[in-house]
Amino acid sequence: MSTEPKGQGRGRQEAAWKLRAVVERYEDAPDECTIYPAGVDDHKRMATWISATEPAFVELDAVR
């Protein structure tokens, strides 16, 4: 029996997920970046994604 609070170990498992990021570029609107777990079915992906609209994200080289 675990002494960790319920759900505590789950975060560690989720941290091991590989993520995919897709940037949609628009001419008439800000670009949008969506991040979701790679290798999951469509149903799981629809429940576990996050999106950001430019300028909330930057190119990786800009912050290195």
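**Focus: the pattern of salt bridges**
Evaluation of the coordinates by the stated rule reveals 2 salt bridges. With its nearest N and O atoms 3.2 Å apart, the salt bridge here joins Asp31 to Arg25. In this structure, Asp42 and Arg45 form a salt bridge, with 2.5 Å as the shortest nitrogen-oxygen distance. Pair noted here: Asp42 and Arg45 are both in helix H2 (residues 42-47), with a separation of 3 residues, about one helical turn. Relative accessible area serves as the criterion here: at 55%, Asp42 is assigned to the exposed category.

**Quick look at the sheet that holds strand S3 (residues 50-53)**
If you walk across this open sheet you meet the 3 strands as S1-S2-S3, and the pairing is antiparallel. Of all strands in the sheet, those bounded by a partner on one side alone are strand S1 (19-24) and S3. Adjacent strand axes in the sheet meet at a mean angle of 20°, parallel and antiparallel pairs treated alike.

Calculation notes
- Residues numbered from 1 in each chain as written.
- Predicted model: local features only at pLDDT ≥ 70, side-chain atom pairs only at ≥ 80, totals over all residues.
- Heavy atoms only, no water.
- Salt bridge = Lys/Arg side-chain N within 4 Å of Asp/Glu carboxyl O.
- Helix = DSSP H or I, 4+ residues; strand = E, 2+ residues; numbered from the N terminus.
- Buried < 20%, exposed > 50% of the residue type's maximum accessible area, 1.4 Å probe, protein only.
- Pairing = 2+ DSSP bridges.
- Axes fitted to C-alpha atoms, helices over the stretch in contact; angles between N-to-C directions.

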